[in-house]
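# Geometric and topological summary
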Amino acid sequence: MDTETTLLSVSSETLIVPVFGNPVSETDYPVLLSDRAAQFGHNTLFIPVDVDPDGLRKVLEGFRHLRNWAGLVITEPHDAAVLEYVDHISESAGFVGSANIVRVEADGAWVADVTDGKALVRELWRSGVIVKERAIHIFGCGRAGAAVAHAVAQAGAAEVSVSDCRVEKAETLVSKLSNQRLPTTFRVGTDNIRAADIVINTSSTGTQGRDGVNLLSRHQVFVEMDGESEPLKAECSTKCAANSTIRTINSQVDAILDFLGMLPITYDVSLVTRQIWF
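Summarised in this report is the structure supplied together with it. (Residues numbered from 1 in each chain as written. Predicted model: local features only at pLDDT ≥ 70, side-chain atom pairs only at ≥ 80, totals over all residues. Heavy atoms only, no water.)

### A closer look at the overall build of the chain
Of regular secondary structure, the chain possesses eight helices and twelve strands. Expressed as a percentage of its 278 residues, the buried residues of the chain come to 51%. Contacts spanning at least 24 positions in sequence make up 72% of the contacts within the chain whose residues lie at least 6 apart. For the chain, the exposed area adds up to about 13100 Å²; of that, 49% sits on carbon and sulfur atoms. (Helix = DSSP H or I, 4+ residues; strand = E, 2+ residues; numbered from the N terminus. Buried < 20%, exposed > 50% of the residue type's maximum accessible area, 1.4 Å probe, protein only. Contact = heavy atoms within 4.5 Å. Areas by Shrake-Rupley, 256 points an atom, 1.4 Å probe, with all protein chains shown as cover.)

### A look at the packing of helix α1 (residues 29-39) against helix α8 (residues 249-259)
Two quantities define a packed helix pair, namely the angle between the axes and the distance from one axis to the other. Relative to each other, α1 and α8 sit at 65°, their axes nearing to 10 Å. The two elements α1 and α8 cross, and the hand of that crossing is right-handed. Two secondary-structure elements touch here, α1 through Tyr29, Leu32, Leu33, Arg36 and Ala37 and α8 through Ile249, Gln252, Val253, Asp254, Ile256 and Leu257. Considering only residue class, the contact of α1 with α8 consists of eight nonpolar, one polar and two charged. (Axes fitted to C-alpha atoms, helices over the stretch in contact; angles between N-to-C directions. Left-handed = near helix turned anticlockwise from the far one by under 90°. Nonpolar A, V, L, I, M, F, W, Y, C, P; charged D, E, K, R; others polar.)

### Focus: the pattern of salt bridges
Once the charged atoms of two side chains with opposite charge are near each other, the side chains can pair. As enumerated under the stated definition, the model contains twelve salt bridges in all. Taking the shortest distance from any N to any O, the salt bridge between Lys118 and Asp113 comes out at 2.5 Å. A salt bridge links Asp116 to Arg143, with the shortest nitrogen-to-oxygen separation between them at 3.0 Å. Taken together, the positions of Asp116 in helix α4 (residues 116-126) and Arg143 in helix α5 (residues 143-154) put the pair 27 residues apart, joining distant regions of the chain. Among the residues examined, Asp116 registers a relative accessible area of 2% and is labelled buried. Three or more residues are tied together by salt bridges with common partners; here these are Arg36, Glu123, Arg126 and Asp254. (Salt bridge = Lys/Arg side-chain N within 4 Å of Asp/Glu carboxyl O.)

### Brief notes about unusual backbone geometry
Residue Asn22 is joined to Pro23 through a cis peptide bond whose omega torsion reads 5°. The omega angle of the peptide bond from Glu76 to Pro77 is 10°, so this bond is cis rather than trans. Locating Pro77 in the fold gives a position in the loop between β3 (71-74) and β4 (88-89). Within the chain, Glu133 stands out as a residue other than glycine whose phi angle is a positive 65°. Note on placement: Glu133 falls in the loop between α4 and β7 (135-139). With relative accessibility at 61%, the residue Glu133 sits in the exposed group. Here Arg181, not a glycine, exhibits a phi torsion of approximately 55°, which is positive. Looking at the secondary structure, you find Arg181 in the loop between α6 (167-178) and β9 (185-188). Owing to a relative accessible area of 80%, Arg181 belongs among the exposed residues under this scheme.

Okay, structure coming up:
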C-alpha cells in the first residue's frame, strides 16, 4: 500500500463508515481505511465508534435511520453479535460465525461478511504465491484462523492442518471444514508441519508455548496475521528465507474496501492460479 497520506476532505456529500469496537482505540482501521478510500477518489470517512456491548442493539437500530453511510467495520467484541442484526450473511461469515464488515445495499439491506481469509489469499497473490494444490498449516483456530482455513480451502489448497493451544478448538474447526465437501484434506496438529509449503500464524501464541525447534524450514513461506507471536517470529527469522515473511494488513484494508465497492478491480480468489514461487 502507498504510504503517502492523501488529503481528506469533508462535505455534505461525505459518506461515513463507523468502525465499531470496545475499545476502538486499539485499531488503526479508521486512519488506514479513510486514507486508502481517498486514494481511490472516494469521499468517505471511516469513523471510530466505541460501543459498549450492552448498547450494541440500540446503536444499530439508530443506524437503520441514517442515509449518508455505506456500511460498518466491526472489531471485537462485536464481530459475532452483529450477525443478529443484519439481513444477509455471506457463506464465509456464516461458516466462521462472525463478521468484520457490513455493507448497506441500495434497498437498505445489510449484508455481512468476514474478509480475513480473502485478504490473506489476496496478499499471497500479490507476493507471487498461490495456495492451489499446496499444503498449508495454520496456527490459531479463532475467527481469523477459521476464516483463513475456509478461504484457502476454497482457493484449492491440497491440505490444511490446524493447531491451537486448545485442541478441542482445532478439532471442532476441522470437523466443520470436513463438512464443507471440499476436495481439501484437513488435519489437526503439527506432526506434518515441516511438509507444509505455507505456514500462517493467526495466534498471539504461535507454537502454543512448545519448543519451536524443527517446526519451520527454509522452503516455507511464513505469513503473519494481526497477532504477532514472538517465539514463532524469532524462529522464522532463523529458519525461513528472508523474503518469505508476509504481512496482511494492507490486503485486509483492500478487502474491506472491495466489499464496500470502493476498489477499481475485484477478483474471485478461486481464480488465482499463478505459479507459486517455491
